[in-house]
Amino acid sequence: MNTTVLIVGGGPAGLTLGCSLARSGVAVRIIEKSPEFPRGSRGKGLNQRSRELLAGLGLDEELAAVGTEHIVLRKYVGGVPVEDTRSGDPEAGRPGVPYSSGLLLPQWRVEDALRGKLAEYGVRVELGCELTGFTQHEHGVRATLADGRTIEADYLAGCDGGKSFVRKALGVRFEGETAAEEMMIIGDVEADGLDRGYWHQWFGEGAGVLLCPFRGTSHWQFQGAAGTDERGRLPEPTLEVFQDLFDRVAGVPGVRLANPTWRSTYRVNVRMADRFREGRVFIVGDAAHVHSIAGGLGMNTGIQDAFNLGWKLALVTGGHAGPGLLDTYEEERLPIAAWTLKTSNEGLRRIMEGAGEGRFGTDVGASAETSTLGVGYRWSSLSGGAGERAAAGGGLAAGDRAPDAPCRDAATGRPVRLFERFAGPWHTLLGFGPESAEALARAGEEYAGPLRTCLIDGGPDGLDDHEGHARAAYGMEGGGVVLVRPDDYVALRLPGNAWEAGNAGDQGAVVADYLRRLGR
């Protein structure tokens, strides 16, 4: 069976890309060489930006029900509690940010939720299906599987992890280094006798042990840093080794580790591909970049890569944009990957320095930046209106994350958040004030692609910005329009001062022209 997009790899990045495409009606197949779905915790947290994007897929309540917000890190030195630190946003409660915390949960929970969403679109991950080669031609890609079958696709996306077959087959350089100072043994275990209200972190004797609880399960993620032998090797991640390290570092009598369901060793690589695209083939997530776990950016960056590529592939394959739009995936995400490596390396440096100064804990490696709420694309060729960006000063500009805001349905008074209106595979055109209604109408008439319009403070058919948060967030004192991309970044911002000559309708034409020109 042929398809429009073939995704190689059924982890968070591949599943997110599949959902993004399938909700737009794009034919997609996801192949995974493993014979069964992994159940290890692996990556164990969604940051605030990833939560926003996955909420746009309709997964907010499902993920929140199995995750933990504001986990308390209880840190011990020499077996003695020395500090409790609550995770979360110190500026919680901002109207433009719906989540005051990331969400702690094992990676398999995220994958389960994404597979469930894919099933709603009639897509399933094909297990035990290994890619062994592919060739490109003018109109598509021919992929060869281990069992001899072939799949014809318009595009192929390699979401197949740090050892990516797709990346290697493309001949893409994966430059960087192995960080010898960050190595650990890791696994999922049961541990009776510990308070599950805390992420316990013990340090001492040149070693560390962390036990992180997962809501709705009896398991904890065990992380142990015990050093290496004279040949630089970590100990085998056996239950006996876990228990010995726990007893030595934590010194908590009576706590027995049991029932390990996943065990592994971890030695970080810090590497990034020199390009993310070759013709009709893309690499996404860990296939394109790997880095320190400090700050918890790994799974999140892959999810955000996938959202960036997904809406662009959907528009191009649907005939609503030119193929040049696909060039902006690398244009936008390669600099973010470089930023991610730099940020995670800085987090690791803080952890290592903190350990020498008596400051311990995973929170030392995090920062406000790791929420990725501030990540944007002001430099992108898709961020329209360079002059407007300069005029914006320190305010919102094209390329920035589009803020949320609490509003009300003008007809019913029902509470509605802007993010609810953004959720979907379309651009959203916000209009502020009744004078923007003409611009919204004209844009809708002139652009035939996926566009949703939303009038704010303009009548009974739109939203009321009853507390002024939407106007404040978007810098709209009077009339004006803002075009928001399908991945919830600002594409265009046209304030009302551009309408002084009574040309509000012309602004709708500007928006329609921008959308028609995408990738052309």
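Here goes a summary of the coordinates provided. (Residues numbered from 1 in each chain as written. Predicted model: local features only at pLDDT ≥ 70, side-chain atom pairs only at ≥ 80, totals over all residues. Heavy atoms only, no water.)

**Details of the overall build of the protein**
The line we're drawing: Secondary structure elements are taken from DSSP: a helix is a run of H or I of four residues or more, a strand is a run of E of two residues or more, and numbering for both begins at the N terminus. Restricting the calculation to C-alpha atoms gives the radius of gyration, and the globule rule supplies 2.2 Å times the number of residues raised to the power 0.38. Three exposure classes are used, based on accessible area relative to the maximum for each residue type with a 1.4 Å probe and protein chains only: buried under 20%, partly exposed in between, and exposed over 50%. Residue contacts are counted whenever heavy atoms from the two residues lie within 4.5 Å of one another. Surface exposure here means Shrake-Rupley accessible area, sampled with a 1.4 Å probe, where a residue is shielded only by the protein chains that are shown. Think of it this way: Lys and Arg go in the positive column, Asp and Glu in the negative one, and His and the chain ends go nowhere. By convention, the point assigned to a charge is CZ for Arg, NZ for Lys, CD for Glu and CG for Asp.
Across its full length, the protein carries 13 helices and 25 strands. Against the globule reference of 24 Å for 520 residues, the protein gives a C-alpha radius of gyration of 24 Å, in line with a compact fold. Dimensions along the principal axes, computed over C-alpha positions, put the protein at roughly 75 × 55 × 40 Å. Taking all 520 residues of the protein together, the buried fraction comes to 53%. Sequence separation of at least 24 residues holds for 69% of the intrachain contacts in the protein that already meet a minimum separation of 6. Summing over all exposed atoms, the protein offers an accessible surface of approximately 21,100 Å²; the carbon and sulfur share of this is 49%. Computed over 55 positive and 69 negative side-chain charges, the separation of the two mean positions in the protein equals 3 Å.

**A word on the packing of aromatic side chains**
Keep this limit in mind: Whether two aromatic rings pair depends on their centres lying within 6.5 Å, for rings of Phe, Tyr and Trp, where Trp uses its six-membered ring; planes under 30 degrees apart make the pair stacked, over 60 edge-to-face, and the rest tilted.
Under the definition given, this model contains ten aromatic pairs. Seen in terms of ring centroids, Tyr155 and Phe282 are 6.2 Å apart; in terms of plane orientation they differ by 45 degrees. Their pairing is tilted. Highlighted residues: Tyr155 in strand β10 (residues 150-158) and Phe282 in strand β17 (residues 281-283), separated in sequence by 127 residues. Between Trp202 and Phe246, the aromatic rings sit 5.3 Å apart at their centres with planes inclined by 85 degrees, giving edge-to-face as the arrangement.

**Thoughts on the pattern of salt bridges**
Operational definition: By convention in these notes, a salt bridge is any Lys or Arg side-chain nitrogen within 4 Å of a carboxyl oxygen on Asp or Glu.
Counted by the stated rule, this structure contains 31 salt bridges. Residues Arg49 and Glu52 are paired through a salt bridge, measuring 2.6 Å at the closest nitrogen-oxygen approach. Note that Arg49 and Glu52 are positioned in helix α2 (residues 48-55) at a spacing of three residues, about one turn of the helix. Taken as a pair, Arg49 and Glu52 share a single burial class, namely buried. Between Asp147 and Arg149 there is a salt bridge, with its nearest N and O atoms 2.8 Å apart.

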